[in-house]
Amino acid sequence: MSENLIIFDARVVTPTGFTARKGAEMGRLLVLDGATIEVTDGVITYVGPNRGENRDGYYRRYWHYNARGRCVLPGFVDSHTHFVFGGERAEEFSWRLKGESYMSIMERGGGIASTVKATRASNFIRLRAKAEGFLKQMNAMGVTTVEGKSGYGLDKETELMQLRIMRSLNGDEHRRVDIVPTFLGAHAVPQEYAGRTDDYVDFLIREVMPAVADGGLAEFCDVFCEQGVFSIEQSRRLLLAARGMGFDLKLHADEIVPLGGAGLAAELSATSADHLLAMIDAGCAVALATDLNPGSCFSGSIPLTFALACIYMQMSVEEAITALTLNGAAALNRAATIGSIEAGKKGDLVVLSTDNYHFLPYYVGMNCVIATVKEGVIHPS
């Protein structure tokens, strides 16, 4: 579903380009005051000075939206989430607050294994309803594209079910968020394969990945390349097989132990190496994402992400905006079609309650998004 829309009198704030911005480029935004954005059949056809638009409502095939006193940004792209899962792990969060490590919690039967058990025990309808709720919350905070990973089934049936849920949500005619599906069967080694990690990798390559590929259920294949989970060699073997089946590649790289996952991502020309800390000063392209998941980060909050990036990671507001728009799009192979406000890209936009984009981290943890636009269709938050 798409619309024809003219937003006028806006303060447009956007990175520019059709590829990821690197290093110092991340801090350079185009800011246009008194600007108009024209969206025709869901695609941006004009960005520039106002051209005499002065009315709200429907006029000559276009809805007109007065954005005086508002910032308009590209729709936010959350490029790393795990939003389809069963159960919760609130008690484990308290354990972590008391100092227990991620790996020690996994060793005592918690962590991913706990969510796997709950997800396997659930069904399509319950999991879909829960996932849809997360998507609505994300959209209210400005997300118009999100990556979703499987990885809480670790068996063929449940992994496929997670991906089919994403496909069903992506097919909703009235969707507000596009979903980019990623197969993460190599998220952990299930209990039935304990001590037989190589056999589990063989199982994924032989039985699960072909079914995912044949069904067109995922664009990317990801792996948790980490000490005690999947080694460099096991990760390489799985990812090379995935590439041969037509998947693009991602890695959970060096999240806990510097194992060499970032180097493997570079070796295989992966689209992204996730969980690495910001490296803007080294000239890298950095994306930000919420990592919504039931264990280590039970939050899909874009306001919190902005605050953490600017307050604790020393990113400028401009760098954080680029990281959550154009660079997030690049992390999903979509920088050519979303992530900035430029002619030829989808009309996916965010409208703020203020004309000062510095409110994004300043309004700490609070939402200043009043509307999102999905392919020209306005959705109030």
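Remember, it's a predicted structure, so these values are computed and weren't measured experimentally. (Residues numbered from 1 in each chain as written. Predicted model: local features only at pLDDT ≥ 70, side-chain atom pairs only at ≥ 80, totals over all residues. Heavy atoms only, no water.)

### Focus on the overall build of the chain
1) Next: The helix and strand tally for the chain stands at 12 helices and 15 strands.
2) Next: The C-alpha radius of gyration computed for the chain amounts to 21 Å, which stays within 12% of the reference 21 Å derived for 381 residues, consistent with globular compactness.
3) Next: Dimensions of the chain along its principal axes, counting C-alpha atoms only, are 70 × 40 × 40 Å.
4) Next: Taken over 381 residues, the chain has a buried fraction of 53%. (Helix = DSSP H or I, 4+ residues; strand = E, 2+ residues; numbered from the N terminus. Rg over C-alpha atoms; globule rule 2.2 N^0.38 Å. Buried < 20%, exposed > 50% of the residue type's maximum accessible area, 1.4 Å probe, protein only.)

### Quick look at the environment of Glu 192
1) Next: Inspection of the secondary structure assignment puts Glu 192 in the loop between strand E9 (178-186) and helix H6 (197-214).
2) Next: With 37 residues separating them along the chain, Glu 192 and Asp 155 place their C-alpha atoms 9.8 Å apart.
3) Next: Excluding its chain neighbours within four sequence positions, the residues that come into contact with Glu 192 are Arg 120 and Leu 154. (Contact = heavy atoms within 4.5 Å.)

### What to know about the packing of aromatic side chains
1) Next: Applying the stated criterion to the full structure yields 10 aromatic pairs.
2) Next: Taken together, a centroid distance of 5.6 Å and an interplanar angle of 65° make the contact between Phe 76 and Phe 306 edge-to-face. Taken together, the residues span a long stretch of sequence, with Phe 76 in strand E7 (residues 76-78) and Phe 306 in helix H9 (residues 302-311) at a distance of 230 residues.
3) Next: Note on Phe 306: relative accessible area 1%, which makes it buried.
4) Next: For the pair Tyr 193 and Tyr 200, a centre-to-centre distance of 5.3 Å together with 55° between the ring planes defines the contact as tilted. Neither Tyr 193 nor Tyr 200 differs from the other in exposure class; each is buried.
5) Next: Ring pairs connect the aromatic residues Phe 85, Phe 134, Tyr 152 and Phe 298, which therefore count as one cluster.
6) Next: Just above the ring of Tyr 46 sits the side chain of Arg 51; from NZ or CZ to the centre is 3.7 Å.
7) Next: The ring of Phe 18 has Lys 345 sitting right over it, with the charged end atom 4.7 Å from the ring centre. (Phe/Tyr/Trp six-rings, centres within 6.5 Å; stacked < 30°, edge-to-face > 60°. Lys NZ or Arg CZ within 6 Å of the ring centre and 35° of its normal.)

### Thoughts on helix H4 (residues 124-140)
1) Next: Over its 17 residues, H4 runs 24 Å from end to end, which matches the ideal 24 Å to within 8%, given 1.5 Å per residue.
2) Next: Taken together, the buried positions of H4 are Leu 127, Ala 131, Phe 134, Leu 135, Met 138 and Asn 139. End-on view of H4: buried residues confined to an arc of 135°, all on one side of the axis. Facing away from the buried side of H4, by more than 90 degrees, are the exposed residues Ile 125 and Lys 136.
3) Next: The secondary structure elements touched by the buried residues of H4 are helix H3 (112-121), strand E8 (143-149), helix H5 (156-170), E9, strand E14 (369-374) and strand E15 (377-380).
4) Next: Between the side-chain oxygen at the start of H4 and the backbone nitrogen of Ile 125 there is a gap of 3.2 Å, and the oxygen is on Asn 123.
5) Next: Directly after H4, the chain includes Gly 142, whose backbone phi takes a positive value near 105°. (Expected span 1.5 Å × (residues − 1). Arc of directions from axis to C-beta. Polar contact = N/O pair within 3.5 Å; in protein donor to acceptor, adjacent residues only side chain to side chain.)

### Quick look at H5
1) Next: With 15 residues, H5 should cover 21 Å at 1.5 Å per step; its first-to-last C-alpha distance of 21 Å lies within 8% of that length.
2) Next: Those residues of H5 lying buried are Thr 158, Glu 159, Leu 160, Met 161, Gln 162, Leu 163, Ile 165, Met 166 and Leu 169.
3) Next: At its buried positions, H5 is contacted by H3, H4, E8, E9 and H6.

### Considering the pattern of salt bridges
1) Next: Summed over all chains, the structure comprises 22 salt bridges.
2) Next: For the salt bridge of Arg 237 with Asp 198, the shortest nitrogen-to-oxygen distance reads 3.5 Å. Residue Arg 237 is found in helix H7 (residues 232-244), and its partner Asp 198 is found in helix H6; the two are separated by 39 residues along the sequence.
3) Next: Measuring nitrogen to oxygen at the nearest pair gives 2.9 Å for the salt bridge that ties Arg 236 to Glu 267. Note that Arg 236 is positioned in helix H7 and Glu 267 in helix H8 (residues 261-267), a separation of 31 residues in sequence.
4) Next: The class of Glu 267 is partly exposed, set by a relative accessible area of 45%. (Salt bridge = Lys/Arg side-chain N within 4 Å of Asp/Glu carboxyl O.)

### Let's talk about the pairing of E14
A regular strand carries its side chains on alternate faces of the sheet.
1) Next: Of all six residues in E14, five are buried; the element is thus mostly enclosed.
2) Next: Judged from the four bridges that link them, strand E13 (residues 349-352) and E14 form a sheet pairing that is antiparallel. Bridging from a neighbouring strand, Leu 352 pairs with Val 369 of E14.
3) Next: Relative to E15, E14 is paired through four bridges, and the arrangement is antiparallel. Within E15, the residue paired with Val 373 across the bridge is Ile 378.
4) Next: From the end of E14 to the start of E15, which pair antiparallel, there are two residues, and Glu 375 there has a positive phi angle of about 50°. (Pairing = 2+ DSSP bridges.)

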